[in-house]
Amino acid sequence: MTGTITLTMIKPDAVSKNHIGGILKMINDAGFRIKAMKYTQLSKEQAGQFYAVHQDKGFYNDLVEFMSSGPIVAAILEKENAIADFRKLIGATNPANAEPGTVRASYAESVQRNAVHGSDSDENAVIESDFFFSKVERF
Ligand code: CMP
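Residues numbered from 1 in each chain as written. Predicted model: local features only at pLDDT ≥ 70, side-chain atom pairs only at ≥ 80, totals over all residues. Heavy atoms only, no water.

**Observations concerning the pairing of strand β1 (residues 4–10)**
Selection rule: Buried, partly exposed and exposed residues are distinguished by accessible area as a fraction of the type maximum, computed with a 1.4 Å probe on protein chains only: under 20%, between the cut-offs, and over 50%, respectively. Helix numbering and strand numbering both begin at the N terminus, where a helix is a DSSP run of H or I of at least 4 residues and a strand a DSSP run of E of at least 2. Following DSSP output, two strands are said to pair if at least two bridges run between them.
The buried count for β1 comes to 6 of 7 residues, which makes it a mostly enclosed element. For β1 and strand β4 (residues 116–118), the ladder comprises 3 bridges, and the chain directions are antiparallel. The residue bridging I10 from the neighbouring strand is V116, located in β4.

**Considerations on the sheet that holds strand β2 (residues 33–40)**
Here is the rule: For helices, the fitted line uses only the C-alpha atoms of the stretch in contact; every axis is such a line through C-alpha atoms, and the angle between N-to-C directions lies from 0 to 180 degrees. Contacts between residues were defined by any pair of non-hydrogen atoms, one from each residue, lying within 4.5 Å.
With antiparallel pairing, 4 strands are arranged side by side in an open sheet as β2-β3-β1-β4. Edge positions in the sheet fall to β2 and β4, since each has one partner strand and no second. When the angles between neighbouring strand axes are averaged without regard to direction, this sheet yields 15 degrees. Strand contacts of helix α7 (residues 122–132): β1, β2, β3 (72–79) and β4, with the helix running at about 55 degrees to β1, the strand carrying the most contacts.

**What about the pattern of salt bridges?**
Rules: When a carboxyl oxygen of Asp or Glu lies within 4 Å of a side-chain nitrogen of Lys or Arg, that pair is called a salt bridge.
By the definition in use, this model includes 8 salt bridges. The salt bridge partner of K17 is E109, with a shortest N-O separation of 2.9 Å. Highlighted residues: K17 in the loop between α1 (12–16) and α2 (20–29) and E109 in the loop between α6 (103–107) and β4, separated in sequence by 92 residues. The exposure class assigned to K17 is partly exposed, which follows from its relative accessible area of 36%. Since its relative accessible area comes to 42%, E109 is described here as partly exposed. A salt bridge links E137 to K38; the shortest N-O distance between them is 3.2 Å. Placement of E137 in the segment after α7 and of K38 in strand β2 is noted, with a sequence separation of 99 residues between them. Residue classification places E137 among the partly exposed positions, given a relative accessible area of 30%. The partly exposed category is assigned to K38, whose relative accessible area is 24%. Via salt bridges that share partners, K17, E109 and R113 belong to a single interconnected network.

**Some thoughts on α7**
Keep this limit in mind: What the arc covers is the set of directions going from the helix axis to the C-beta atoms.
Turning to α7, its buried residues are A125, E128, S129 and F132. The buried residues of α7 occupy one face: seen down the axis, they fall within an arc of 105 degrees. More than 90 degrees from the buried face of α7, the exposed residues found are E123 and I127.

**Observations regarding the site of the ligand**
Definition in use: Note on terminology: near, applied to a residue and a molecule or strand, indicates that one of the residue's heavy atoms is within 4 Å of it. Residues adjacent in sequence count toward polar contacts only when both atoms are side-chain atoms; beyond that, a polar contact is any pair of N or O atoms within 3.5 Å, and within protein one must be able to donate a hydrogen and the other to accept it. Cavities and pockets are defined on a 1 Å grid built over the protein atoms alone: a cavity is a set of grid points where a 1.4 Å probe fits but cannot escape, while a pocket is an open set with protein on both sides within 12 Å along at least five of seven lines, and lining residues are those with an atom within 4 Å of any such point. Those molecules having more than half of their atoms within 2 Å of a cavity or pocket grid point set are described as sitting in that cavity or pocket. Residue polarity is assigned by list, with Asp, Glu, Lys and Arg as charged and Ala, Val, Leu, Ile, Met, Phe, Trp, Tyr, Cys and Pro as nonpolar; anything else, Gly included, falls into the polar class.
Every residue near the ligand is listed here: K11, Y51, H54, F59, L63, T93, R104, V111, Q112, N114 and H117. In this structure, K11 approaches the ligand through a side-chain N or O atom, which is 2.7 Å from an oxygen atom. Within the contact set of the ligand, an oxygen atom lies 3.4 Å away from a backbone nitrogen or oxygen of Q112. Using a 2 Å cut-off from the grid points, one finds that the ligand occupies the largest pocket. Per-class residue counts for the shell around the ligand are 4 nonpolar, 5 polar and 2 charged.

Below, the structure is given as structure tokens:
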């Protein structure tokens, strides 16, 4: 199958609560193919680099602290219309506004501890995928 890609992270809150399996099942059931995947922990420097686009925001330091606080699962997902379909699957950034049945409605705690990341554009999906994965780690 070919399609477009999105980059997701299962964030430290969801990993620490043993929700990796539940979230991957939702991803597979929604028709996404896992093109690359790794279990890793970001350093503060790496988390800061990943979220550099938000460096002027008031929540940036807390976000970097949180995202480097424990292991994450990073994955490249492939599907037709991957960006929009994945954002629909995960729901609104703030879980209080996430539709029932979405990943964040099911597993997120707060706007910061919101269980998963999803790329917001095709361009950022490529940048974020290159951040985590080399060519030989993609299938
Ligand atoms: P994510 O999709 O990973 O992209 C940027 C992250 O910043 C977002 O999920 C949230 O976890 C976090 N974020 C966005 N807005 C806020 C906010 N107002 N307060 C705290 N964290 C935020």
